[in-house]
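# Coordinates in review
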Amino acid sequence: MARLVLTWIATWVTLVVLVLLPALLPDRWQYYVYSPASVGLWMLSMLGAPVVACVVRWPWIRHGARKAGPGGSRT
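The structure displayed is predicted, hence computed values, not measured ones. Each chain has its residues counted from 1, running along the sequence as written. For a predicted model such as this one, the threshold for reporting local features is a pLDDT of at least 70, and the threshold for listing and counting side-chain atom pairs is 80 or more; totals across whole chains, interfaces and linings nevertheless cover every residue. Each side-chain value is derived from all of the structure's non-hydrogen atoms; neither hydrogens nor water enter the calculation.

### Comments concerning the environment of W12
The numbering of helices and of strands both runs from the N terminus, where a helix is a DSSP run of H or I of at least 4 residues and a strand a run of E of at least 2. Structurally, W12 is set in helix α1 (residues 2-20). For W12, a relative accessible area of 36% puts it in the partly exposed group. Linking W12 and M46, residues 34 residues apart in sequence, is a C-alpha distance of 6.5 Å. Those residues within four positions of W12 in sequence are excluded, and the remaining contacts are M46 and P50. Any residue under 20% of the maximum accessible area for its type is buried, any over 50% is exposed, and the rest in between are partly exposed; the area is computed with a 1.4 Å probe on protein chains only. Residue contacts are defined here by distance: any two heavy atoms, one from each residue, within 4.5 Å place the two residues in contact.

This is how it looks when you write it as structure tokens:
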């Protein structure tokens, strides 16, 4: 359960950082970056992206196992 919450929060933190990052751009660019459409898509991604992240990371959430790399052992 803790890994699920950690994945969910990490996804939200990543999305918040990504929406705040364009604030470093010049003011004339911010109008295009923060358009109503892009903010709406960001809001939808705040709902959908954590679900996708949990589905993708389900083996790690469930068992704590990582996939073995080429020639590596599972840890």
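Anyway, onward from the coordinates.
### Re the side chain of T11
Checked against the element boundaries, T11 lands in helix α1. The residues touching T11, leaving out its near neighbours within four places in the chain, are A49, P50 and A53.

### Digging into the packing of α1 against helix α3 (residues 36-56)
Where α1 meets α3, the axes come as close as 9 Å, and the angle between the chain directions of the two elements is 145°. Crossing of α1 against α3: the hand is right-handed. Counted together, L4, T7, W8, T11, W12, L15, V16 and V19 of α1 and W42, S45, M46, A49, P50, V51, A53 and C54 of α3 form the full contact between these two elements. Classification used: nonpolar for Ala, Val, Leu, Ile, Met, Phe, Trp, Tyr, Cys and Pro, charged for Asp, Glu, Lys and Arg, polar for all others including Gly. When its residues are assigned to classes, the contact of α1 with α3 shows 13 nonpolar, three polar and no charged. Every axis in this analysis is a line fitted to C-alpha atoms, fitted for helices over the stretch in contact. Angles between the N-to-C directions lie between 0 and 180 degrees. Two helices cross in a left-handed way if the nearer one is turned anticlockwise from the farther one by less than a right angle. They cross in a right-handed way if the turn is clockwise.

### Topic: α1
The end-to-end C-alpha separation of α1 is 27 Å, in line with the 27 Å expected for 19 residues at 1.5 Å each. Listed as buried for α1 are T7, T11, L15 and V19. All buried residues of α1 fall inside an arc of 100° around its axis, so they share one side. In α1, the exposed positions angled more than 90 degrees off the buried face are occupied by A2, L6 and L20. Expected helix span is given by 1.5 Å per residue-to-residue step, counting one fewer step than there are residues. Of all possible arcs, the one meant is that of the directions from the helix axis to the C-beta atoms.

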